[in-house]
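# Analysis of the macromolecular model
Listed below, chain by chain, are the residues.
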Amino acid sequence: MDEIFGFPPQLLFAQIFMGLINGSFYAVLSLGLAIIFGLLRIINFSHGAMYMLGAFSAWFGLQYLGINYWIALVLAPLAVGLFGLLIERTMLRRIRHVDHLYGLLLTFGIALILEGALVQFFGVAGQRYPTPDELQGGINLGFMFLPYYRAWVIIASVVICLVTWLIIERTKIGAYLRAGTENPDMVQAFGINVPLMTSLTYGFGVALSAFAGVLAAPIVSVSPYMGSNLIIVVFAVVVIGGMGSLLGAVITGLALGVIEGLTKVFYSEAAGLVIFMIMIIVLLVRPAGLFGRPE
Amino acid sequence: MNQITLSKLGRAILTTAVITAATNGAQAANVSDEVVRIGVMTDMSGLYAAQNGPGSVEAVKMAVEDFGGKVLGKPIEVISANHQNRADTASSLAREWFSDGKVDMIGNLGPSHTALAVVQRAEASNRIAISTGAATTKLTNDECTPNSVHYVYDTYAMANGTAHALVEQGKKTWTFITVDYVFGRDLERDAIAVVESNGGEVLSKLSHPLKTSDFTSQMLTAQASGAEVIALANAGGDTINAIMTASEFNITTSNQTVAALVLFLSDVHSLGLETAQGLMLTTAWYWDFSNETRKWSERFLERTNNMPSDAQAGDYSSTLHYLRAVEAAGTDEASAVMAKMKSMPINDMFATNGQIREDGRMVHDMYLAQVKTPAESKRMWDYFDIIATIPAEDAFQPISKGNCRLVTDTE
């Protein structure tokens, strides 16, 4: 058998693999969103802008401060995470007790301001971020040529997702966090600083998206609108996975990347639609998402 | 109360009537509303902004300055707007400019779908639209108007240049990666015609939406097709991203040739010579042709920090030609100016003996070029090696093969 549904298997494998790489970005981004929503109940529309900020800080660091890729991979999420912390402290905290919609509007506004400001300074045309020397080139897998950098993207994303999941589900800090969202007053009564914890959580979620931004910088051009092109898909991923479900976000992210990749082989015109079609079906059949529990 | 309102209304009507009468009077004096207003409508910030955009506005301003800032004793004013690559925005902007803004000529108009929207408005309002940034041949075929000029290049000329050269090199099997709107489809169609009529074969056609950042899927499919040529029927940011992906997956260094059917100087600048070297392209103009082009381009570089694209040089040239036509016609009334534009030859730093045909196509020589290697390039912006000149009569679709309604006598 040298063809599967009329396509050479090499091509199919290659597309599944590429789907996995795109899925890695969906996974890291939607994980951050799911944490922020699950623990803080904020629909963070500025998530795409934070991803873009991550990529831009890496580019800026390399261009003007000589900071290399590996250091940027740590520093950029830290810097953007701190910025997130600041946003939570100064703005989001004030609207915690009103409807979710206000948080959505506020974060959306923040995203627009950030994008506009960067367009003003750097223009819309994409900036190039070179692939780090250590990851230049690639390997021939027989069915496809795999650039080392793309392989690194998958590994880095899976590791970061796993670590995040472990922290939240298996450690004491994670337990406090989860308890803090269930009943903040009670947890506070035990002497735990809940407001600080929520700020840190938001900062961490934002740092995750900045991390994805740095990962993406060498393979897409770094431009102010790179986040807004992605954020809608990522929201769809979170909705399909189940709002607030961490494992759901990661698995759905990877799976949808693959489904999107396969759609490009069989009917490329539908590639932009397929995720949203799945979203509609999931919402009809399981409104809480594939991995979510009905409230 | 009502009576007061009515009397106010009456006065308003009277005032309007007086103003209208005054305006009509002004129109009789050759230049409408005492100013010749040129509007540059372009993509100021999107994926096509580098080869058009703010640089095009600057080029038009340079033309106005070089012309002396006045025509028929009346001042020339340049305004600009961003259509954001949306046909509906372009159309409503054009309506606004033509009716309230009293704009006499709209320039640049890239990409294709925005140009198609505006030329219709130009005909309805009897004003002029000169497209330098759009590529679709529809502008001089099905959608040609007596009020529009297509100045720099078109999909036929681009396909004819690059595709022809590659097929002649013996590269007979082709796969297309095409941007899914009027420009990409026209470019693909024109290139396929060239490939097939020269004994080549098209193995597959892939498409992608405008503004795509991830081309891995299309590139891998194209690679698997085994075609000798992977032809990119897209432009600007899309072309850059596609070539970056091809380079990442080692396709550019394999025995498959990646051919960008539309490639601008600015695209090569963002890709870097390391990635872009060896690419074949068709261009209407290059800054390093002659002393005249170099002199103008250095001025442009000083003002914009970029070397001009062929579209931007076309913005300069077409604006000058328009102003000369206004002067020769003694009025800014569109049909009189168009008649002069079509009868006067164009000889400037952009074109030698350029001629605007009955269907609005400006015909001039085109050039086949290849991107230099980093070693060959002596300075920044020294990117193209001009390999061959495609004479004007071969470069563009012959008027007899077109179907523009204005062309009465095809033989």
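Conventions adopted
Residues numbered from 1 in each chain as written. Chains lettered and ligands numbered in written order. Predicted model: local features only at pLDDT ≥ 70, side-chain atom pairs only at ≥ 80, totals over all residues. Heavy atoms only, no water. Domains from an automatic or database assignment. Contact = heavy atoms within 4.5 Å. Buried area = accessible area lost by both parts, 1.4 Å probe. Polar contact = N/O pair within 3.5 Å; in protein donor to acceptor, adjacent residues only side chain to side chain. pLDDT = per-residue confidence, 0-100. Salt bridge = Lys/Arg side-chain N within 4 Å of Asp/Glu carboxyl O. Helix = DSSP H or I, 4+ residues; strand = E, 2+ residues; numbered from the N terminus. Phe/Tyr/Trp six-rings, centres within 6.5 Å; stacked < 30°, edge-to-face > 60°. Pairing = 2+ DSSP bridges. Axes fitted to C-alpha atoms, helices over the stretch in contact; angles between N-to-C directions. Disulfide = S-S within 2.5 Å. Buried < 20%, exposed > 50% of the residue type's maximum accessible area, 1.4 Å probe, protein only. Parallel < 35°, antiparallel > 145°, perpendicular 65-115°, else oblique. Left-handed = near helix turned anticlockwise from the far one by under 90°. Expected span 1.5 Å × (residues − 1).

### Regarding the domain arrangement of chain B
By convention, interface size is frequently given as the accessible area that disappears when the constituent parts associate. All names here are of chain B. Here the domain parsing of chain B yields domain 1 (35–153 + 289–360) and domain 2 (156–283 + 367–392). The centre of domain 1, based on its C-alpha atoms, is set 27 Å off from the matching centre of domain 2. Across the contact, 22 residues belong to domain 1 and 23 residues belong to domain 2. Summed over both partners, the interface of domain 1 with domain 2 comes to about 1800 Å²; 66% of that surface belongs to carbon and sulfur atoms. If you look at where domain 1 meets domain 2, you find seven residue pairs in polar contact (both at pLDDT 80 or more).

### Comments concerning the confidence of the model for chain B
All names here are of chain B. On average, residues of chain B carry a pLDDT of 89, and 92% of them reach 70 or more. Every residue in residues 1–6 is under pLDDT 50, and counting partners more than four places away or in other chains gives zero contacts. Scored below 50 in pLDDT, residues 17–29 shows three contacts in the model against residues more than four places distant or in partner chains.

### Considering the interface of chain B and chain A
With 17 residues of chain B in contact, the opposing surface of chain A contributes 16 residues. For the pair chain B and chain A, the two sides together bury roughly 1700 Å², of which 53% comes from carbon and sulfur. Here chain B is connected to chain A by two salt bridges. Two residues, Asp214 of chain B and Lys264 of chain A, come together in a salt bridge whose shortest N-O distance is 3.5 Å. Counting every contact that joins chain B to chain A gives six residue pairs in polar contact (both at pLDDT 80 or more). Secondary structure elements with two or more residues in the side of chain B that touches chain A: α7 (216–225), α8 (236–248) and α9 (265–271) of chain B. Among the elements that make up the side of chain B that touches chain A, the one with the highest residue count is α7 of chain B (five residues).

### Some details on the packing of aromatic side chains
Residues and elements named next belong to chain A. Within the structure shown, the criterion is met by 21 aromatic pairs over all chains. Considering the side-chain rings of Phe45 and Phe108, the 5.6 Å spacing of their centres and the 85° angle between planes classify their relative orientation as edge-to-face. One end of the pair, Phe45, is in the loop between α1 (9–40) and α2 (47–65); the other, Phe108, is in helix α4 (residues 100–122), with 63 residues separating them in the sequence. Relative to Tyr64, the ring of Trp59 lies with its centre 6.1 Å away and its plane at 85°, an arrangement referred to as edge-to-face.

### Here's the deal with the sheet that holds strand β11 (residues 280–283) of chain B
All names here are of chain B. Pairing within the open sheet is antiparallel, and its three strands lie in the order β11-β14-β15. Edge positions in the sheet fall to β11 and β15 (384–390), since each has one partner strand and no second. Across this sheet, the average inter-strand angle for adjacent strands is 30°, counted without regard to direction. Bridge analysis of β11 against strand β14 (residues 366–371) gives four bridges, and the strand direction is antiparallel. Paired with Thr282 across the bridge in β14 is Leu368. Relative to the sheet, helix α5 (residues 155–168) contacts β11, β14 and β15, its axis offset from that of β11 by approximately 150°.

### With respect to the state of the cysteines
Residue and element names in this part refer to chain B. Scanning the model with the defined rule gives one disulfide over all chains in all. In this model Cys144 forms its disulfide with Cys404; the gap between the sulfur atoms is 2.0 Å. Linking Cys144 and Cys404, the disulfide has an S-S dihedral of approximately 80° and is accordingly described as right-handed. One end of the pair, Cys144, is in the loop between β5 (128–131) and β6 (148–150); the other, Cys404, is in the segment after α14 (392–395), and 260 residues separate them in sequence.

### Quick notes on the side chain of Thr114 of chain B
If you trace the backbone, Thr114 of chain B turns up in helix α4 (residues 112–125). Among the residues examined, Thr114 of chain B registers a relative accessible area of 0% and is labelled buried.

### Points about the sheet that holds strand β8 (residues 201–208) of chain B
Residue and element names in this part refer to chain B. A sheet is described by the order of its strands in space; here four strands give the open sequence β8-β7-β9-β10, paired in parallel fashion. The sheet is open, and its two borders are formed by β8 and β10 (257–260), each paired with just one other strand. Between one strand axis and the next, the sheet turns through 20° on average, direction left out of account. Where strand β7 (residues 173–179) meets strand β9 (residues 229–233), five bridges bridge the pair, whose relative direction is parallel. Opposite Trp174, over in β9, you have Val229 as the bridge partner.

### Digging into the pattern of salt bridges
Tallied over the entire structure, the rule returns 18 salt bridges over all chains. Between Arg150 of chain A and Glu248 of chain B there is a salt bridge, with its nearest N and O atoms 2.6 Å apart. Of this pair, Arg150 of chain A sits in helix α5 (residues 148–170) while Glu248 of chain B sits in helix α8, each in a different chain. Each of Lys138, Asp186, Arg189 and Asp190 of chain B takes part in salt bridges that share partners, so that together they form one network.

### Overview of the packing of α1 of chain A against α5 of chain A
Two quantities define a packed helix pair, namely the angle between the helix axes and the distance between the axes. All names here are of chain A. At a minimum axis distance of 9 Å, the contact between α1 and α5 shows a crossing angle of 30°. Here α1 is positioned roughly parallel relative to α5, judged by the angle of their axes. The crossing of α1 and α5 is left-handed. Along the contact surface, α1 presents Phe17, Met18, Leu20, Ile21, Ser24, Phe25, Ala27, Val28, Leu31 and Ile35, while α5 presents Arg150, Val153, Ile154, Ser157, Ile160, Cys161, Thr164 and Ile168.

### Details of α1 of chain A
For α1 of chain A, which comprises 32 residues, the first-to-last C-alpha distance of 45 Å matches the rise-based estimate of 46 Å (1.5 Å per residue) to within 8%. After α1 of chain A finishes, the residue Arg41 of chain A shows a positive phi value of roughly 60°.

### Considering the pairing of strand β1 (residues 36–42) of chain B
Across a regular strand the side chains alternate sides, sitting on one face of the sheet and then on the other. All names here are of chain B. In terms of burial, β1 is a largely internal element, seven of the seven residues being buried. Here β1 shows no split at all, with Val36, Ile38, Val40 and Thr42 on one side and Arg37, Gly39 and Met41 on the other all buried. As paired elements, β1 and strand β3 (residues 74–82) share seven bridges and run parallel to each other. The partner of Thr42 across the bridge, within β3, is Asn82. Of the strand pairs in this sheet, β1 and strand β4 (residues 105–108) are connected by four bridges, and their pairing is parallel. Across the sheet, residue Ile38 finds its bridge partner in β4, namely Met105.

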